[in-house]
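Structural overview for review
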Amino acid sequence: MKRRRTPPHTDVHWLSESGVIDCTVLLGPGPHQFFKQYAELTGYQALPPLFALGYHQSRWNYRDEADVKAVDAGFDVHRIPYDVMWLDIEHTDGKRYFTWDSALFPDPVGLQRHLQARGRKMVVISDPHIKTDPCWALYRDAREGEHFIKDREGQVYCGSCWPGESSYLDFSSSRTRAWYSRCFSLEKYKVRMGNASSWMQQTGAQCAEGQLLLQGSTPSLFVWNDMNEPSVFCGPEQTMPKDAVHHGGWEHRDLHNLYGFYQHKATVEGLITRSGGSERPFVLSRSFFAGSQRFGAVWTGDNVATWEYLMISIPMVLSLSLAGVAFCGADVGGFVQDPEPELLVRWYQAAALQPFFRGHAAMETKRREPWLFGEEVTAVIRSAIQQRYRLLPFWYTLFHRAHTCGLPPVRPLWVEFPTEESTFTVDDRYMIGGALLACPVTEPGIQEVQVSLPGPEEVWYDIHSKKVYGGGGTLRLPVTLDSVPVFQRGGSVICRSVGSGTCTADFQLLPLDITVAINSQGGAEGELYLDDGHSFCFRDRKAFSLRGFRMQAGRLLCRAASREGSFHCGTVVQSVTVLGMKKPPSSVTVYTPGECAGVQVHAPAD
């Protein structure tokens, strides 16, 4: 008797604290259509400024201005590109956000300009709790303006967080969000000369009115929203009581999941307003909700320097991507505890193949800048970060697609191969776009990995060795500390930067290599998106260029892939590599408007 196959199914259980669930069914029918439909419902991923796709260096905390400058110089000395220096809560005056510790950071504007002169940016933290301090003008403004959440008795709710006793801004109120946004203006973000303790000694516990105020912000300063679940150290489940009252009489139980969403929104609006609406913001948030992708980036929160946490970072990033939050990542090396050198290397290699790429560590951990573990480790980390930067044209093009079509840059295998049930449970390797298959090493002491290549009709090319493999089989590949299996899919075209630099501004000026990986029919397609990398001109003036590449019958065509958009830049193509040719051509004829020329080029024999 022939057994009837039982189709797979999933049971889903929903629970709502406030008793209301809105359910929308998206019909697809395929994954790509689903992403488009979900983006139409909740919003498209914001197109980040290009620098945000580079490497970010963070620590709780870099001690002072000299420490920041020394770390910044260290990247240049060791020839490791990076784009953003981050400062945690200790940069502030007594955990008062929108301030600086004037003893440790006496010239924050000068520090920001020091980084900006090298093409780099700075990010500082801004949490939603406000230190209870009647002598602090920002606290008084918030209290007098009724911008704080209240308890069930109608009094300002007081909890505890990093500053000690704190009140929490009510971001559910549009009036409060507008007030908070204005705090990011260059005119309001100030540094007071002298720290809080010295003020109190000088004034005899009186308010520090009339203190000297200096500008503390520049257009190259960006923001990190942390602790915005919100985190309340003394609260139930370390968050706010469910009966705390928000604007309009809503209880916190109804709005808890939206709290961080609204702070993220207000911060983004503040940075956009700061630039007069011309510059794209960058804001990272720990808490998020459906639609947070419209504002910027999120990360997976505090993690631990263990192999298990490295391993789970991949399915976490894939899950966020499926939920529309495409600009996401996990802290490299683990936030707490000290990673062994092998773990740190493998984490850099994995994170360089994820959308958001930041190294971060807690205060009690040992310093872990990439050059502190010996030359071998430094060289491997340098290589991983440099490869990330060379792939920036590809990453930026993928984020253009996320912004316009809803397709996440990183995807589980089943998104590209929805008919292969064997891919449904794979969460340790994934696709970057539709072109690259990434297989990070997430276990210690590995000398060989097993890789199953999807698609019986597919062709795959090892991006390092250029060897070709057929899909539908399993490979056993040797790996060393400096190798990570990555495969380019046959039928794809990828653009990379050629050369080296210190930050994304340098890499924007470099020529391109175009890698064409032909499929079994001899064809390939791809795209390249270009704009100025920082402004909204791509949206407001259609100042962008989208080029389409197509390989067919031995000819590689490059044509405009969009009817709108015009962007003039000095980007040039230095080389074209074609993978999968039967034999190398004797010559290549390059056709450009108004002229033609025959030139000899290198082509790999495979």
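Residues numbered from 1 in each chain as written. Predicted model: local features only at pLDDT ≥ 70, side-chain atom pairs only at ≥ 80, totals over all residues. Heavy atoms only, no water.

So, the overall build of the protein
To keep it simple, the criterion reads: Each helix is a run of H or I in the DSSP string that is no shorter than four residues. Each strand is a run of E no shorter than two, and both are numbered from the N terminus. Accessibility here uses a 1.4 Å probe with only protein chains present; expressed as a share of the type maximum, an area under 20% marks a residue as buried, one over 50% as exposed, and anything in between as partly exposed. The contact definition used throughout considers only heavy atoms, calling two residues in contact when any of these lie within 4.5 Å. All accessible areas in this document rest on Shrake-Rupley with a 1.4 Å probe, and a residue is counted as covered only by the protein chains that are shown.
On a plain count of helices and strands, the protein comes out with 15 helices and 29 strands. Taking the principal axes of the C-alpha coordinates as reference, the protein spans close to 85 × 65 × 50 Å. Within the protein, buried positions represent 54% of all 606 residues. Expressed as a percentage of contacts within the protein between residues at least 6 apart in sequence, the contacts between residues at least 24 apart total 71%. Of the roughly 27,200 Å² that the protein leaves accessible, carbon and sulfur atoms contribute 53%.

Thoughts on empty space enclosed by the protein
We count it as follows: Grid spacing is 1 Å over the protein atoms alone, the probe is 1.4 Å, and a cavity is where that probe fits but cannot get out, while a pocket is an open set with protein on both sides within 12 Å along at least five of seven lines and lining residues have an atom within 4 Å of a point. Grid points are joined across faces, edges and corners, and a volume is the space filled by probe spheres set on the points. Three residue categories are used. Nonpolar comprises Ala, Val, Leu, Ile, Met, Phe, Trp, Tyr, Cys and Pro, charged comprises Asp, Glu, Lys and Arg, and polar comprises the others, including Gly.
With the rule as written, the count across this model stands at three cavities of 30 Å³ or more. Each pocket or cavity is described by its volume, and for the largest cavity that value is around 90 Å³. Taken together, 14 residues form the lining of the largest cavity, with Ala 39, Gln 45, Gly 324, Ala 402 and Gly 406 sitting closest to its centre. Considering every element that reaches the lining of the largest cavity, the biggest residue donor is helix 1 (residues 31-42), with three residues. Here the lining of the largest cavity is built from residues that sort into eight nonpolar, six polar and no charged.

Overview of the sheet that holds strand 5 (residues 158-161)
Backbone hydrogen bonds are what pair the strands of a sheet, in a parallel or an antiparallel way. Where we set the bar: In this analysis, strands are considered paired if DSSP registers two or more bridges between them. Between the N-to-C directions of two axes lies an angle of 0 to 180 degrees, each axis being a line fitted to C-alpha atoms and, for a helix, fitted only over the stretch in contact.
Read across the open sheet, the three strands follow the order 4-6-5; overall the sheet is antiparallel. Here the strands that pair on one side only, and so sit at the sheet edges, are strand 4 (129-131) and strand 5. Between one strand and the next, the sheet's axes are offset by a mean angle of 55°, whatever the strand orientation. As paired elements, strand 4 and strand 6 (residues 164-168) share three bridges and run antiparallel to each other. Within the sheet, the bridge partner assigned to Ile 130 lies in strand 6 and is Ser 167.

A word on the layout of surface pockets
Estimates place the volume of the second largest pocket at around 1,400 Å³. Lining the second largest pocket are 30 residues, and of these Val 20, Ile 21, Asp 22, Asn 257 and Phe 289 lie nearest its centre. Listed by contribution, the elements that provide at least two residues to the lining of the second largest pocket are helix 1 and helix 7 (252-255).

With respect to the pattern of salt bridges
Heads up, the condition is: The term salt bridge refers to a side-chain nitrogen of Lys or Arg lying within 4 Å of a carboxyl oxygen of Asp or Glu.
Going through the model one piece at a time under the given rule, you end up with 31 salt bridges. In this structure, Arg 280 and Asp 531 form a salt bridge, with 3.3 Å as the shortest nitrogen-oxygen distance. Placement of the pair is Arg 280 in the loop between helix 8 (259-274) and strand 10 (283-285) and Asp 531 in the loop between strand 24 (524-530) and helix 15 (537-540), with a sequence separation of 251 residues. In this structure, Arg 476 and Glu 448 form a salt bridge, with 3.4 Å as the shortest nitrogen-oxygen distance. Residue Arg 476 is located in strand 20 (residues 474-478), and its partner Glu 448 is located in strand 17 (residues 448-452); the two are separated by 28 residues in the primary sequence. By relative accessible area, which is 45% here, Glu 448 ends up partly exposed. Shared partners join several salt bridges into a network, and the residues in it are Glu 17, Lys 242, Glu 251 and Arg 253.

Some remarks on the UniProt feature "domain: Glycosyl hydrolase family 31 C-terminal" (unreviewed entry) in the protein
Note the following rule: UniProt positions are given in the numbering used here, feature names are shortened, and annotations may be inferred rather than shown by experiment.
According to UniProt, the feature "domain: Glycosyl hydrolase family 31 C-terminal" (unreviewed entry) maps to residues 406-494 in the numbering used here. Helix makes up 4% of residues 406-494 and strand makes up 36%, while its end C-alpha atoms are separated by 20 Å.

Things to note about the packing of helix 5 (residues 174-182) against helix 8
Defined as follows: Here roughly perpendicular refers to angles of 65 to 115 degrees, roughly parallel to angles under 35, roughly antiparallel to angles over 145, and oblique to all remaining angles. What makes a crossing left-handed is the near helix being turned counterclockwise from the far one by less than a right angle; a clockwise turn instead makes it right-handed.
Packing of helix 5 against helix 8 leaves a shortest axis separation of 8 Å and a crossing angle of 45°. Comparing the axis directions of helix 5 and helix 8 gives the class oblique. Every pair of crossing elements has a handedness; the one defined by helix 5 and helix 8 is right-handed. Each of Arg 177, Tyr 180 and Ser 181 in helix 5 lies in contact with helix 8, whose residues at this interface are Tyr 262, Gln 263, Lys 265, Ala 266, Thr 267, Glu 269 and Gly 270. Each residue belonging to the contact of helix 5 with helix 8 can be placed in one class, and the counts come to three nonpolar, four polar and three charged.

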